[in-house]
Amino acid sequence: QVHLVESGGGLVQAGGSLRLSCAASGRTFSSYVMGWFRQAPGKEREFVAAITGSGRSTYYAGSVKGRFTISRDNAKNTVYLQMNSLKPEDTAVYYCAANLGWAFAPKAYDYWGQGTQVTVSS
């Protein structure tokens with residue numbers, strides 16, 4: 001069982017930056033692939049970024065590649081999403097999620113946080 005809690009969301013102007021954090025419970029955090037997803041009003045939840053348990057491999061959605069960076073600190077049981085050059089279309093509730101396999105579809109992830117709101121004003 002993994003319990004996830006996101007933080008760091010807020011309101012930012014276009015072009016600005018935010019860093020999201022996701023704190024995980026449990027002693028086997030480094031075993032889990034961690035992903036970030038987002039869901040805008042009226043839209044389906046979509047993949048943003050993923051990172052392997054070791055942190056050596058990452059993968060990004062095309063819409064955020066080059067602007068967002070996913071990282072993790074296994075000693076702190078925390079995964080991060082650094083978001084730069086934010087755009088109004090990045091506005092969404094952002095969720096972190098965990099699963100044991102390398103996957104990018106929401107349905108593949110077993111554990112989810114409650115989400116944190118990110119709003120980018122134009």
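Quick notes on the rules
Residue numbering note: each chain is counted from 1, following its sequence as written. A pLDDT threshold of at least 70 governs which residues receive local features in this predicted model, and a stricter bar of 80 or more applies before side-chain atom pairs are shown or counted, although totals over entire chains, interfaces and linings include all residues. Side-chain measures here rest on the full set of heavy atoms in the structure, leaving out hydrogens and waters. Paired strands, in this sense, are two strands between which DSSP finds at least two bridges. For the purposes of this entry, the term helix denotes a DSSP run of H or I that reaches at least four residues, the term strand denotes a run of E that reaches at least two, and both are numbered from the N terminus. Axis lines are fitted through C-alpha atoms, for helices just across the contact stretch, and the angle between N-to-C directions can take any value from 0 to 180 degrees.

For the rest of this paragraph, the subject is the sheet that holds strand β3 (residues 18-24). Strands belonging to one sheet form pairs held by backbone hydrogen bonds; the direction of such a pair is parallel or antiparallel. Overall, antiparallel pairing links the four strands, which are arranged β1-β3-β8-β7 in an open sheet. Strands at the two margins of the open sheet, each flanked by one partner only, are β1 (4-7) and β7 (68-73). Taking each pair of neighbouring strands and ignoring which way they run, the sheet shows an average axis angle of 15°. The pairing of β7 with strand β8 (residues 78-83) spans six bridges and is classified as antiparallel.

What follows deals with unusual backbone geometry. Of note, N77 is a non-glycine position whose phi angle comes to about 55°, a positive value. With respect to the helices, strands and loops of the structure, N77 is situated in the loop between β7 and β8. In this model, S85 sits at a positive phi of 50°, which is unusual for a non-glycine residue. Position of S85 among the secondary structure elements: in the loop between β8 and β9 (92-99).

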